[in-house]
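Understanding the architecture of this molecule
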Amino acid sequence: MIVALGEVCDFQNGFAFKSSLFKEEGLPIVRITNINGRSIDLKDVKYFNPNDYKSGNPLNYNINKGDILIAMSGATTGKIGYYDIETKAYLNQRVGKFIPNYKILNNRFLYHFLLTKSEFLYHLAGGGAQPNLSSFLIKEKILIPLPPLAEQERIVSILDKFDTLTNSISEGLPKEIELRRKQYEYYRNELLSFRA
C-alpha cells in the first residue's frame, strides 16, 4: 500500500527564535545549518533563554532523541537529519519535525525512506536560489510505501546495519567507504521500492 505521507505522519514547523536573543549558553536551538543530510551536528549551536520570549512558547517546539528533522529553506533544503542526541533541543523556524503515527509507521523506516527523497524534496521546494518547502507540500506530495510494521522493522534492521557499517569504517579507507555507501544506497532503494 502506498499513501500520502500526511495520512500517516504529522509535521511541526519551528519557532521564530530571534537571532538578537541568541545566547552562548542555555537551551540549544537546531537551525537549518545543523542538519547535515543524515544527522544533526551541534558543533555550531546557538542557545536561548525561554524567559526572553513573552509571546509564544518556544518550549512547545522541543526535539527529542529519535526525532527526524528537515531543512525547509536555503541551500540545505530537503536535507534530513536524525536527532541521535540525549540532550533536548528546540526547532528553529524553517526546520521541520516529522511526527509519525507509531501504530502504523516505524520512525527509522520513515528516516531511511526520506533519505531517498532529498532530491525530490529540493525540486518540490522550487529549487533555484531560495528554495522553500511547505509542510503542506511535504504531507501531500510525498507518497510513502506502507508495508506491515513487522516488514518495516525487518527493513530497518537491514538498513541500520549497513548504515552503522558505513559510518564505522576508518577514514583511511575512502574507497571502501564509497563502496559501502553505494551498497547501502542500492539496498535501501531496493528495500524501499514497493509496487502499488
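Residues numbered from 1 in each chain as written. Predicted model: local features only at pLDDT ≥ 70, side-chain atom pairs only at ≥ 80, totals over all residues. Heavy atoms only, no water.

1. A few points about the sheet that holds strand S5 (residues 62-63)
Pairing between sheet strands relies on hydrogen bonds along the backbone, with the strands arranged either parallel or antiparallel. Defined as follows: Two strands pair under a simple rule: DSSP has to find at least two bridges between them. Here a helix means four or more residues in a row that DSSP labels H or I, a strand means two or more in a row labelled E, and each is numbered from the N terminus.
Overall, mixed pairing links the four strands, which are arranged S4-S3-S8-S5 in an open sheet. The open sheet has two edge strands, strand S4 (46-48) and S5, and neither has a second partner. Of the pairings in the sheet, the one linking strand S3 (residues 27-30) to S4 comprises three bridges and is antiparallel in character. Along S4, the bridge assignment pairs Pro 28 with Tyr 47.

2. Points about the packing of aromatic side chains
Keep this limit in mind: Here a pair means two rings of Phe, Tyr or Trp (six-membered ring of Trp) with centres within 6.5 Å. Their orientation is stacked below 30 degrees between planes, edge-to-face above 60, and tilted elsewhere. Buried, partly exposed and exposed residues are distinguished by accessible area as a fraction of the type maximum, computed with a 1.4 Å probe on protein chains only: under 20%, between the cut-offs, and over 50%, respectively.
Using the criterion set out here, one finds nine aromatic pairs in the structure. Look at Phe 15 and Tyr 61: their rings are 5.3 Å apart centre to centre, the planes differ by 50°, and that puts the pair in the tilted class. With Phe 15 in the loop between strand S2 (9-13) and S3 and Tyr 61 in the loop between S4 and S5, this residue pair connects regions lying 46 residues apart in the sequence. Under the relative-accessibility criterion, Phe 15 is labelled buried at 9%. Relative accessible area serves as the criterion here: at 22%, Tyr 61 is assigned to the partly exposed category. Ring centres 5.3 Å apart and planes at 85° place the aromatic pair Phe 48 and Tyr 90 in the edge-to-face group. One end of the pair, Phe 48, is in strand S4; the other, Tyr 90, is in strand S8 (residues 89-91), and 42 residues separate them in sequence. Phe 48 sits in the buried class, given a relative accessible area of 1%. A relative accessible area of 7% means that Tyr 90 is categorised as buried. Grouped by ring-pair contacts, the aromatic residues Phe 15, Phe 17, Phe 48, Tyr 53, Tyr 61 and Tyr 90 constitute a single cluster.

3. Some words on the side chain of Asn 34
What counts, and what does not: We define a polar contact as two N or O atoms separated by no more than 3.5 Å, with the added condition that, inside protein, one atom must be a possible hydrogen donor and the other a possible acceptor, whereas residues neighbouring each other in sequence contribute only through side-chain atom pairs. The contact criterion used throughout is that any non-hydrogen atoms of two residues lie within 4.5 Å.
With respect to the element layout, Asn 34 can be found in the loop between S3 and S4. Residue Asn 34 is classed as buried on the basis of its relative accessible area, which comes to 2%. Of the polar contacts made by the side chain of Asn 34, one reaches the backbone nitrogen of Arg 31; its length is 2.8 Å. Residue contacts for Asn 34: discarding those within four places in its chain leaves Ile 29, Ser 39, Ile 40, Asp 41, Leu 42, Asp 44 and Val 45.

4. Quick look at the nonpolar core
Rules: Note on terminology: a nonpolar core comprises buried Ala, Val, Leu, Ile, Met, Phe, Trp, Tyr and Cys residues joined through side-chain atoms within 4.5 Å.
Grouped together as the largest cluster of nonpolar side chains are 33 residues, with contacts concentrated most on Leu 5, Ile 70, Ile 80, Phe 98, Leu 110, Ile 138 and Ile 144. Of all the secondary-structure elements, those providing two or more residues to this core are S2, strand S6 (68-71), strand S7 (80-82), helix H1 (107-115), helix H2 (118-124), helix H4 (149-168) and helix H5 (174-191). At six residues, the largest contribution of residues to this core is made by H1. In this structure, Ile 35, Leu 69, Ala 89 and Leu 91 belong to the second largest nonpolar core, which totals 10 residues.

5. What about the pairing of strand S9 (residues 95-100)?
Across the six residues of S9, five count as buried, placing the element largely inside the fold. With four bridges connecting them, S6 and S9 associate as antiparallel partners. Opposite Ala 71, over in S9, you have Val 95 as the bridge partner.

6. Thoughts on the environment of Ile 70
Mapped onto the secondary structure, Ile 70 falls in strand S6. Ile 70 sits 12 residues away from Tyr 82 along the chain, and the two C-alpha atoms are 9.0 Å apart. Filtering out sequence-adjacent residues up to four positions away, Ile 70 remains in contact with Phe 11, Ile 35, Gly 78, Lys 79, Ile 80, Arg 94, Val 95, Gly 96, Phe 98, Leu 121, Leu 133 and Ile 138.

7. Focus: unusual backbone geometry
Even without being glycine, Arg 94 reaches a positive phi, approximately 70°. Looking at the element boundaries, Arg 94 is found in the loop between S8 and S9.

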